Amino acid sequence: MPTQHEVEEARIREQIDKIVEGIRAKDLKALEQVYAPDVVSFDVEPPLQHVGIAAKLKNWTNVFTFFQDVSYEIRDLTLTVGDEVAFGHGFGRLSGTLGNGTATSGMWVRATFCFRKTGDTWLIAHDQVSVPLDIPTGKGATDLQP
């Protein structure tokens, strides 16, 4: 019989699966269900922070406009789960077919998710996506693999 900790971790992993499925389906309504209304997102595109669910969904709208078909995968996800908050980190990659018909394998990014439990539901209250910085050139290192 699973422990309560194992049950909660499984619920969080289900939320992450919903993100993957929502992105692949370009389903903003599904994505809206996994984020807290006051989510703060440190995404790879400017500005430095995106505050609120509308700003987060605008980022996903931009992705869906850029890609004709899109896929998303997460690797090496590690979770730390408390009673009311949890965090996870791993690697994510968007790939697919661009609007001009060009297929792309995308790039791997570092991803961090911070969850807050609301009732029985774990919602993302903060996320961060980044790429390592090549200090001599000042450019992101986008060709790395996990």
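Residues numbered from 1 in each chain as written. Predicted model: local features only at pLDDT ≥ 70, side-chain atom pairs only at ≥ 80, totals over all residues. Heavy atoms only, no water.

Participant: Would you mind showing me how to read the packing of aromatic side chains here?
Facilitator: The description of an aromatic ring pair rests on the distance of the ring centres and on the angle between the ring planes. Applying the stated criterion across every chain yields a total of 4 aromatic pairs. Ring centres of phenylalanine 113 and phenylalanine 115 lie 6.4 Å apart, and the angle between their planes is 35 degrees; on these two criteria the pair is classed as tilted. Of the two residues examined, phenylalanine 113 and phenylalanine 115, each falls in the buried class. Against the face of tryptophan 108 rests arginine 75, its NZ or CZ located 5.3 Å from the ring centre. (Phe/Tyr/Trp six-rings, centres within 6.5 Å; stacked < 30°, edge-to-face > 60°. Buried < 20%, exposed > 50% of the residue type's maximum accessible area, 1.4 Å probe, protein only. Lys NZ or Arg CZ within 6 Å of the ring centre and 35° of its normal.)

Participant: How do you make sense of the layout of surface pockets when you look at a structure like this?
Facilitator: A probe matching the size of a water molecule, rolled over the atoms, marks out where space remains unfilled. As a volume, the largest pocket reaches approximately 520 Å³. Sorting the residues of the lining of the largest pocket by element identifies helix H3 (53-66), strand E3 (67-81), strand E5 (103-118) and strand E6 (121-130) as the ones contributing at least two each. (1 Å grid on protein atoms, 1.4 Å probe; cavity = no way out; pocket = protein on both sides within 12 Å on 5 of 7 lines; lining within 4 Å. Points joined across faces, edges and corners; volume = space filled by probe spheres on them. Helix = DSSP H or I, 4+ residues; strand = E, 2+ residues; numbered from the N terminus.)

Participant: Would you mind showing me how to read the environment of tyrosine 72 here?
Facilitator: Considering the arrangement of structural elements, one finds tyrosine 72 in strand E3. Between the C-alpha atoms of tyrosine 72 and leucine 94, which are 22 residues apart in sequence, the distance is 4.6 Å. What tyrosine 72 contacts, discounting residues up to four positions off in sequence, is Ile19, Val20, Ile23, Arg24, Gly92, Arg93, Leu94 and Phe113. (Contact = heavy atoms within 4.5 Å.)

Participant: Would you explain the pattern of salt bridges in this entry?
Facilitator: Opposite charge on two side chains allows them to pair when their charged atoms are near. One pass over the structure, following the stated rule, counts 7 salt bridges. With a closest N to O distance of 2.7 Å, arginine 116 and aspartate 38 form a salt bridge. Note that arginine 116 is positioned in strand E5 and aspartate 38 in strand E1 (residues 35-42), a separation of 78 residues in sequence. You can call arginine 116 partly exposed: its relative accessible area is 33%. In this structure, arginine 93 engages glutamate 73 in a salt bridge whose closest nitrogen and oxygen atoms are separated by 2.6 Å. Taken together, the positions of arginine 93 in strand E4 (residues 85-98) and glutamate 73 in strand E3 put the pair 20 residues apart, joining distant regions of the chain. (Salt bridge = Lys/Arg side-chain N within 4 Å of Asp/Glu carboxyl O.)

Participant: Looking at this structure, I do not really get unusual backbone geometry. What am I missing?
Facilitator: Excluding glycine, residues mostly carry a negative phi; peptide bonds, for their part, are mostly trans. Here proline 46 and proline 47 are connected by a cis peptide whose omega angle stands at 5 degrees. Residue placement: proline 47 occurs in the loop between E1 and strand E2 (50-51). With a phi close to 55 degrees, lysine 26 is a non-glycine residue in the positive phi region. Positionally, lysine 26 belongs in the loop between helix H1 (4-24) and helix H2 (28-32). Here lysine 26 falls in the partly exposed class, since its relative accessible area comes to 28%. The residue aspartate 76 is not glycine, and still its phi comes out positive at about 55 degrees.

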